[in-house]
Amino acid sequence: MAVELWNRVNVPFPSAVSAVRVPFTAQTDVETLLTESENVLKLVRSEILQTEVRLLYELLYVLNNSSRGNKTFKALKQVEQCANRLKNMKLEAALQELSDLCPNRIQRQLSIKDGQCFVPSQPRLEWICLKVLGAARLMSCTLSRCTACFRLSKQQMKWEEFVILNVVITSMLSRLWVIFRGVLLALSGLYRQLLELLGDVARAQPMPFLTDFSLPADLAQFLGSSDALLLTKHPAHSRARQEKKQAAKKLPAEAKKTSASFSHMEIRVDEMIRWCKSQRMGKEKRLLTFLRLKCRQMKCLEARKLQTFKKEACWASSPEGSAPKTLRSLASRRRSVHGIICFHSLRRRFMMRGGVKRKEQAGRQRRARLSGDDQRSRTAREATHQSTDSDTHNDIDDIFASAGL
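Let me sum up the structure you'll find in this document. (Residues numbered from 1 in each chain as written. Predicted model: local features only at pLDDT ≥ 70, side-chain atom pairs only at ≥ 80, totals over all residues. Heavy atoms only, no water.)

### Section: the packing of aromatic side chains
Per the counting criterion, the structure on display carries 0 aromatic pairs. Positioned over the ring face of phenylalanine 222 is arginine 137, at 4.7 Å from the centre of the ring. (Phe/Tyr/Trp six-rings, centres within 6.5 Å; stacked < 30°, edge-to-face > 60°. Lys NZ or Arg CZ within 6 Å of the ring centre and 35° of its normal.)

Written out as structure tokens, the structure reads:
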């Protein structure tokens, strides 16, 4: 049973003192231990992890009745069990107690001057090491469950079954895999620092708690060779990327971008594309293919400009009759356009002058018409006035005659 202590959900708590006073110097690395513990707590308490776990619960709740016999659903249930076990083992509370037992920055400075300090005891450190070992094994199991479920979901997408649902599941599993792997890496750094502090405390105040079980030297030895690759910060694909970068630095000298024209540049780019293809550098090959297309376009423009320049040089150095037809037509076109512009300008001037003359003539006619009308109206008024006067005189004579005067 002692061998399986780390595999228990509730590891038996040691009935011993939690903190002891040990010699403390500047070489006692407690600050790094607190930093590694804080990294694990940040990942376990992160809102991203909590959101993904809630999404896992919702998917299982929706698929509970319709997909009980589905292999992907069963694999998701195993991932859920791993997430629940991480919550039930109370790793967060154990690491928080470790942070509380370790001295803070001010206490460490005073303890360096004093030469002694209170740190977690050997039973408490061994108990926390068991918690970390159990969490690391659980993270390794969770990663394998996520990988298996991801493959099943991807296989269903190939069969065109529940495509949207499987897209959601694969994306969720990818994010969970990344988070749990980060937790595993943080646990590896924390376990290393716990062993260092445990050695110092065991030498100063020996109180062994684990008698039938010896703690492994590191998590890679505990997890085995199959999961040791997960503890490296640069996995296989990262190493392959580094090798590609180093291969790019070893580019042959004859393939460098040292050409004098676009034609030579296209030849060099073709050589670089073939070399990148031989080195399996897909991204660089695609970029160089795009540059080759751009180089061809620039080469066509360069050829057109050179051809036009040659014709102009031939025209400038030849007699007038031997000019190229294209340039002749261009010159004649320019002359015709110039003649058209001159004709339109003269026409516009003539029309403006004719318009002014017509306006002046119309004004004279209007004035003459107005003067004739005035004269006729004046003659009519005089005639009317004379007739009125004569009629008035005749009426007065008649009145006096009737009165006998």
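### Topic: the pattern of salt bridges
All told, the structure shown has 9 salt bridges when counted by the stated rule. For arginine 124, the salt bridge identified is with glutamate 97, shortest N-O distance 3.3 Å. Highlighted residues: arginine 124 in helix α6 (residues 122-158) and glutamate 97 in helix α4 (residues 91-101), separated in sequence by 27 residues. (Salt bridge = Lys/Arg side-chain N within 4 Å of Asp/Glu carboxyl O. Helix = DSSP H or I, 4+ residues; strand = E, 2+ residues; numbered from the N terminus.)

### Here's the deal with the packing of helix α2 (residues 47-62) against helix α7 (residues 163-204)
Running from amino to carboxyl end, α2 crosses α7 at an angle of 145°, the nearest separation of the two axes being 10 Å. The way α2 lies across α7 gives a crossing that is left-handed. Between α2 and α7, the contacting residues are Ile48, Leu49, Glu52, Leu55, Leu56 and Leu59 on the first element and Leu165, Val168, Ile169, Met172, Arg175, Leu176, Ile179 and Phe180 on the second. Tallied by class, residues from the contact of α2 with α7 come to 12 nonpolar, no polar and 2 charged. (Axes fitted to C-alpha atoms, helices over the stretch in contact; angles between N-to-C directions. Left-handed = near helix turned anticlockwise from the far one by under 90°. Contact = heavy atoms within 4.5 Å. Nonpolar A, V, L, I, M, F, W, Y, C, P; charged D, E, K, R; others polar.)

### With respect to helix α11 (residues 262-278)
Between the first and last C-alpha of α11 there are 24 Å, a value that for 17 residues agrees with the 24 Å anticipated at 1.5 Å per step. Along α11, the residues classified as buried are Glu266, Val269, Asp270, Met272, Ile273, Trp275 and Cys276. Directly beyond the C-terminal end of α11, a positive phi value near 60° is found at arginine 280. (Expected span 1.5 Å × (residues − 1). Buried < 20%, exposed > 50% of the residue type's maximum accessible area, 1.4 Å probe, protein only.)

Nothing here speaks to function; it is all geometry.
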